[in-house]
Amino acid sequence: MTVLAMFVVMAVSSTFPAISAFVWTMFWLCVLARTVAGISKPVNYHAIEMTEDGFHFYRYEGSSESARWDEIRDIRFSRSYEDFSKSNQTEWLIDTADGRHITVLVEFMHRKRFGRALARHVPGFLVAPARAGIASRKTGLWQCYAPAGGQK
């Protein structure tokens, strides 16, 4: 599509030289806007929805997971090294009251937003270790939940 648009811009520029600079500027702004929009889309999941009641996480392969905020019993933030992609993989590891283990892949554009939602809705969520895990570039596991009374 971009190649076709470039040919149209070239044709318009040669036919109307007076507006050539404007047409090329608009073309490159559109290319930049499409690039930025593509970068902001998650790669590992389709969407994550956060509501007052809980979250719903949709993976690309079609499966999904959801949990209510009040059924969360443990939260860990994990950063692991993916050898084949030469990048760190980050995810929230969540255990629920009914024994489910939910791995929520949250990429950079939603990581802080999901952490803020956990802090707002889950009593016992520890902000300091979550921030440390998000800010770190090292691999590791950060415990981000301490139930009332300090007992699990």
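Source: prediction; values computed, not measured.

### Considering the overall build of the protein chain
Working step 1: What the protein chain contains, in helices and strands, is four helices and seven strands.
Working step 2: Starting at the N terminus and ending at the C terminus, the protein chain contains elements arranged as α-α-β-β-β-β-β-β-α-α-β.
Working step 3: Going through the 152 residues of the protein chain one by one, you find that 35% of them count as buried.
Working step 4: Nonlocal contacts in the protein chain, meaning residues at least 24 apart in sequence, comprise 43% of its contacts between residues at least 6 apart.
Working step 5: Surface summary for the protein chain: the accessible area is close to 9600 Å², and the carbon and sulfur share equals 62%.

### Regarding the pairing of strand E3 (residues 64–68)
Working step 1: Taken together, the five bridges between strand E2 (residues 54–59) and E3 define a ladder with antiparallel strand orientation. What sits directly across from histidine 56, in E3, is serine 66.
Working step 2: Here E2 hands over to E3 after four residues, with glycine 62 in that stretch at a positive phi of 105 degrees.

### Points about the packing of aromatic side chains
Working step 1: Within this structure, the stated rule accounts for nine aromatic pairs.
Working step 2: Aromatic side chains phenylalanine 77 and tryptophan 92 sit 4.9 Å apart centroid to centroid with 70 degrees between the ring planes, which places their arrangement in the edge-to-face category. Linking phenylalanine 77 in strand E4 (residues 72–82) with tryptophan 92 in strand E5 (residues 87–96), this pair joins segments that are 15 residues apart in sequence.
Working step 3: Its relative accessible area of 0% is what places tryptophan 92 among the buried residues.
Working step 4: Connected via pairs of aromatic rings, a cluster forms that spans Phe55, Trp69, Phe77, Trp92, Phe114, Phe125 and Trp142.

### A few points about the nonpolar core
Working step 1: Formed by 25 residues in total, the largest nonpolar core has its most connected members in Phe55, Trp69, Ile75, Trp92, Val104, Phe114 and Leu118.
Working step 2: Counting residues per element, the ones that place at least two in this core are strand E1 (45–50), E2, E4, E5, strand E6 (101–105), helix H3 (108–121) and helix H4 (127–135).
Working step 3: If we ignore the near neighbours within four places in the chain, the residues touching phenylalanine 55 are Glu49, Met50, Glu65, Ser66, Ala67, Trp69, Ile72, Ile94, Ile102, Val104 and Phe114.

### What about the environment of arginine 100?
Working step 1: Summarising the element assignment, arginine 100 is placed in the loop between E5 and E6.
Working step 2: Sequence separation between arginine 100 and alanine 67 is 33 residues, and the spatial gap between their C-alpha atoms is 9.4 Å.
Working step 3: Residues contacting arginine 100, with those up to four places away along its chain left out, are Glu65, Ser66, Ala67, Glu71, Ile94 and Asp95.
Working step 4: A distance of 2.8 Å separates a polar side-chain atom of arginine 100 from the backbone oxygen of serine 66.
Working step 5: Here glutamate 71 takes part through its side chain, which lies 2.8 Å from a polar atom of the side chain of arginine 100.

### Structural notes on a nonpolar patch on the surface
Working step 1: Nonpolar side chains collect at one region of the surface, where Phe16, Ile19, Phe22, Met26, Leu29 and Leu32 lie side by side and expose about 600 Å² of accessible area between them.
Working step 2: The class of leucine 29 is partly exposed, set by a relative accessible area of 46%.

### Comments concerning the confidence of the model for the protein chain
The predicted coordinates should not be examined in detail at positions where pLDDT is low.
Working step 1: Of the residues in the protein chain, 83% reach a pLDDT of 70 or more, and the chain-wide mean stands at 82.
Working step 2: The least confident element of the protein chain is E1, whose mean pLDDT is 72; the most confident is strand E7 (residues 140–143), at 94.

### A short note on H4
Working step 1: Taken together, the buried positions of H4 are occupied by Ala130, Gly133 and Ile134. Projected down its long axis, H4 carries its buried residues within an arc of 100 degrees, all on one side. For H4, the exposed residues set more than 90 degrees away from the buried face come down to Ala128, Arg131 and Ala135.

### Considering the pattern of salt bridges
Close approach of charged atoms allows side chains of opposite charge to pair.
Working step 1: As enumerated under the stated definition, the model contains six salt bridges in all.
Working step 2: For glutamate 71, the salt bridge identified is with arginine 68, shortest N-O distance 3.7 Å.
Working step 3: Of the residues examined, glutamate 71 reaches a relative accessible area of 13% and is grouped as buried.
Working step 4: Judged by relative accessible area, arginine 68 falls into the partly exposed class, the value being 46%.
Working step 5: Each of Arg68, Asp70, Glu71, Asp98 and Arg100 takes part in one network of salt bridges that share partners.

The rules behind these values
- Residue numbers run consecutively from 1 along every chain, following the written order of its sequence.
- Residues qualify for local features only when their pLDDT is at least 70, as the model is predicted, and side-chain atom pairs are given and counted only at 80 or more; totals for whole chains, interfaces and linings, by contrast, use all residues.
- Computation of side-chain values: all heavy atoms of the structure, hydrogens and water removed.
- Secondary structure follows DSSP: runs of H or I at least 4 residues long count as helices, runs of E at least 2 residues long count as strands, and numbering of each begins at the N terminus.
- Remark: exposure states derive from per-residue accessible area (1.4 Å probe, protein chains only) relative to the maximum for the residue type, with buried under 20%, exposed over 50%, and partly exposed in between.
- Contacts between residues were defined by any pair of non-hydrogen atoms, one from each residue, lying within 4.5 Å.
- The protein chains shown are the only cover counted for residues, whose accessible areas, like all others here, come from Shrake-Rupley with a 1.4 Å probe.
- The criterion for strand pairing is that DSSP finds at least two bridges linking the strands in question.
- Stacked, tilted and edge-to-face are the three classes assigned to paired rings of Phe, Tyr and Trp, where Trp is represented by its six-membered ring and a pair needs centres within 6.5 Å; plane angles under 30 degrees give stacked, over 60 edge-to-face, the rest tilted.
- Residues grouped as a nonpolar core are buried Ala, Val, Leu, Ile, Met, Phe, Trp, Tyr and Cys residues, joined through side-chain atoms within 4.5 Å.
- Here a polar contact is recorded for every N or O atom pair within 3.5 Å, except that within protein the pair must consist of a potential hydrogen donor and a potential acceptor, and residues adjacent in sequence are included only if both atoms are side-chain atoms.
- Patch membership requires more than 30% relative accessible area and the absence of a salt bridge. Residues of like charge join within 9 Å; the nonpolar side chains Val, Leu, Ile, Met, Phe, Trp and Tyr join within 5 Å.
- A pair is scored as a salt bridge if a Lys or Arg side-chain nitrogen falls within 4 Å of a carboxyl oxygen belonging to Asp or Glu.
- Confidence scores per residue from the predictor, reported as pLDDT, run from 0 to 100.
- The arc under discussion is defined with respect to the helix axis, by the directions toward the C-beta atoms.

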